[in-house]
Amino acid sequence: MEKTHCRSGEVKAGRVVPEIHRRKALGLGLGITAALGIAGCAAASTGAVPESGRGESGRADAKGTPTGPPEPFTTPIGDGSTADTGPQPNQPDKPVRLQRGETPPQFVVFSWDGAGEVGNGLFPRFLKLAKDHGAGMTFFLSGLYLLPESKKDLYHPPNNPVGASDIGYLKDENIRNTLKYVRQAWLDGHEIGTHFNGHFCGGSGSVAKWTPEQWRSEIDQAVSFVTNWRTNTGFTDLEPLPFDYRKELIGSRTPCLLGQENLLQTARELGWRYDASSPGGRQVWPSKKDGVWDLPLQSMPFPGHNFEVLSMDYNILANQSGNSTKGVPSSYPAWRTQAVGTYLGGFKRAYEGNRAPLFIGNHFEQWNGGIYMDAVEEALKGMAGRKDVRLVSFRQFTDWLDAQDLQVLAKLRALDPGESPSGGWGGYLT
């Protein structure tokens, strides 16, 4: 069964476009000019481990005859749902500070909310696209996507009934595939963040009303579902997720971009380094909020209109087909072109201007015939390979930010969207 996520409310040419859910509509006007819209584990090695995380030689039989490639070094954690396999592979070089007279890189972060394989093949599609173009991405995993519906009583969402969720639980087959692709994503070098669990956006149980203590409960449960999937599912034939999630998890995006203010207190206490939940941000260099990097979705030029739209697939949809994810098919080609133009327009404004990072949010959905997935793919291809362009995850971008001189970042933040240094980059960062 196809799953639909709630999205935030959106302003379209001065009016609020309510968010939709497959089961119910939620009215959430939040913007000004845009919509807000891994059977067993390998035994832990007792010998020296090479930096690569693999044995120095291949497997061998009892006589010492090689039988195949080396096994990964794996230290199981807990029930074996996750494991320490060493440093994450396929990471960029250690970030360095911008040098005097140097032009900043153009960072672009493609991120995915929910990040479950719900049976439409979109997760592997974009893993392949990323590999083909050397891109890093962030996958904000919903914890419930690793919890069978038969075990839903394990979920105690704040201010909501036990087991409740505004996104559906996945079938066993889809949980297995989600584990497969989350595992592959991390090994490919991508980041696994969190989109929390039940995705509550409206009513008295909305995440907008959660306290810092309730956010902590939600986070602890999300981590538990990821780190105990073997116990909860009973699956014994799948490999563990190859990371310690408690250490890997450094950032999030909230459901419907709601509740960040109270979340940040908990995020800071947990040592998280960024949050990507702010709505309607301008295309400028980011700053910290309550000690955490605030990396918002951004307003981008919307072709054919005098207002801007938020940098997320659903928010473009809401300005094209309103509340419907199945608009008029004859409009799909034009809408697809407009979506591509939106992404590339936001990219061009930054790339040729202040070089502010571009943050793009997506969902593994076939809305309006899948045109937004096609648009994201075309846009990524149009950005990849250009001089100075780095397609990275939020974690990788945060690593870069933390390596920079604070005064340099302050000068970068002084530039408005699309604004270039009057004397060129050579004399600006001095």
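Residues numbered from 1 in each chain as written. Predicted model: local features only at pLDDT ≥ 70, side-chain atom pairs only at ≥ 80, totals over all residues. Heavy atoms only, no water.

Caption draft 1: View of the side chain of Thr178. The residue Thr178 is located in helix α2 (residues 172-188) in this model. A residue is classified by how much of its surface remains accessible, and Thr178, at 0% relative accessible area, is buried. The residues touching Thr178, leaving out its near neighbours within four places in the chain, are Ala115, Gly116, Glu117, Leu141, Leu146 and Leu170. (Helix = DSSP H or I, 4+ residues; strand = E, 2+ residues; numbered from the N terminus. Buried < 20%, exposed > 50% of the residue type's maximum accessible area, 1.4 Å probe, protein only. Contact = heavy atoms within 4.5 Å.)

Caption draft 2: Just helix α3 (residues 212-227), in detail. Across its 16 residues, α3 extends 22 Å between first and last C-alpha, which sits within 8% of the 22 Å expected from 1.5 Å per residue. Of the surrounding elements, those touching the buried residues of α3 are β6 (82-84), β8 (137-141), β9 (191-194), α4 (229-233), α5 (245-248) and α6 (260-270). (Expected span 1.5 Å × (residues − 1).)

Caption draft 3: Structural view of the pairing of strand β15 (residues 358-362). Counting buried positions along β15 yields 5 of 5 residues, so the element is predominantly enclosed. Side chains Leu358, Ile360 and Asn362 of β15 all project onto a buried face; the interleaved residues Phe359 and Gly361 project onto the opposite face, where all are buried too. In this structure, strand β7 (residues 106-114) lies alongside β15, joined through 5 bridges in parallel fashion. When the bridges of β15 are listed, Trp112 appears paired with Asn362. (Pairing = 2+ DSSP bridges.)

Caption draft 4: Summary view of the confidence of the model for the protein chain. Averaged over every residue, the pLDDT of the protein chain is 86; the share at 70 or more is 83%. Confidence over residues 1-61 falls short of pLDDT 50; this stretch has 191 contacts with residues more than four positions distant or in other chains. Segment residues 67-71: pLDDT under 50, and 15 contacts once partners within four positions in sequence are set aside and those in other chains are kept. (pLDDT = per-residue confidence, 0-100.)

Caption draft 5: Representation of the nonpolar core in the model. Counting 83 residues, the largest nonpolar core has Phe110, Phe139, Ile192, Tyr343, Met383 and Leu391 as the members making the most contacts within it. Among the elements that line this core, the one with the most residues is helix α9 (residues 371-383), at 8 residues. With residues up to four places along the chain from it excluded, the contact list for Ile192 reads Phe139, Leu141, Val182, Ala185, Trp186, Phe243, Tyr245 and Leu249. By size, the runner-up hydrophobic cluster in this structure holds 24 residues, among which are Phe394, Trp400, Leu412 and Tyr428. (Core = buried A, V, L, I, M, F, W, Y, C linked by side-chain atoms within 4.5 Å.)

Caption draft 6: Looking closely at the environment of Pro104. Relative to the helices and strands, Pro104 resides in the loop between β6 and β7. Given a relative accessible area of 0%, Pro104 falls into the buried group. Sequence spacing of Pro104 and Asp388 is 284 residues, and the spatial spacing of their C-alpha atoms is 7.7 Å.

Caption draft 7: Here's a closer look at α2. With 17 residues, α2 should cover 24 Å at 1.5 Å per step; its first-to-last C-alpha distance of 24 Å lies within 8% of that length. Within α2 the residues assigned to the buried category are Asn174, Ile175, Thr178, Leu179, Tyr181, Val182, Arg183, Ala185, Trp186 and Asp188. Against the buried residues of α2 lie α1 (122-132), β8, β9, α4 and α5. Immediately beyond the C-terminal end of α2, within one or two residues, lies Gly189, with a positive phi of roughly 110 degrees.

Caption draft 8: Examining the pairing of β9 more closely. Residues Glu191 and Gly193 of β9 are buried on one face, and the alternating residues Ile192 and Thr194, pointing to the opposite face, are buried as well. Handedness of the crossover joining β8 and β9 through α2: right-handed. (Right-handed = clockwise from strand over helix to strand, strands pointing away.)

Caption draft 9: Broad picture of the pattern of salt bridges. For the coordinates displayed, the defined rule picks out 18 salt bridges. For Asp374, the salt bridge goes to Arg125, with nearest N and O atoms at 2.9 Å. Taken as a pair, Asp374 in helix α9 and Arg125 in helix α1 lie far apart in primary sequence, 249 residues in all. Judged by its relative accessible area of 27%, Asp374 falls in the partly exposed class. Residue Arg273 is joined to Asp399 by a salt bridge in which the shortest nitrogen-to-oxygen separation is 2.7 Å. Taken as a pair, Arg273 in the loop between α6 and β10 (274-275) and Asp399 in helix α10 (residues 394-402) lie far apart in primary sequence, 126 residues in all. Overall, Asp399 belongs to the partly exposed group, its relative accessible area being 28%. In this structure, a network of salt bridges that share partners links the residues Arg125, Asp374, Glu377 and Lys381. (Salt bridge = Lys/Arg side-chain N within 4 Å of Asp/Glu carboxyl O.)

Caption draft 10: Molecular detail of the environment of His156. Looking at the element boundaries, His156 is found in the loop between β8 and α2. Taking the C-alpha atoms as reference, His156 lies 9.7 Å from Gly198; in sequence the two are 42 residues apart. With residues near it in sequence (within four places) discarded, His156 still touches Val162, Ser217 and Gln221. Looking at His156, its side chain comes within polar contact range of the main-chain oxygen of Asp153, at 3.3 Å. (Polar contact = N/O pair within 3.5 Å; in protein donor to acceptor, adjacent residues only side chain to side chain.)

Caption draft 11: Region of interest: the packing of α1 against α9. It is the contact of α1 with α9, at a shortest axis distance of 11 Å, that shows an interaxial angle of 10 degrees. Considering the angle they form, α1 stands roughly parallel to α9. Each of Leu122, Arg125, Phe126 and Leu129 in α1 lies in contact with α9, whose residues at this interface are Met373, Asp374, Val376, Glu377, Leu380 and Lys381. Broken down by class, the residue content of the contact of α1 with α9 amounts to 6 nonpolar, no polar and 4 charged. (Axes fitted to C-alpha atoms, helices over the stretch in contact; angles between N-to-C directions. Parallel < 35°, antiparallel > 145°, perpendicular 65-115°, else oblique. Nonpolar A, V, L, I, M, F, W, Y, C, P; charged D, E, K, R; others polar.)

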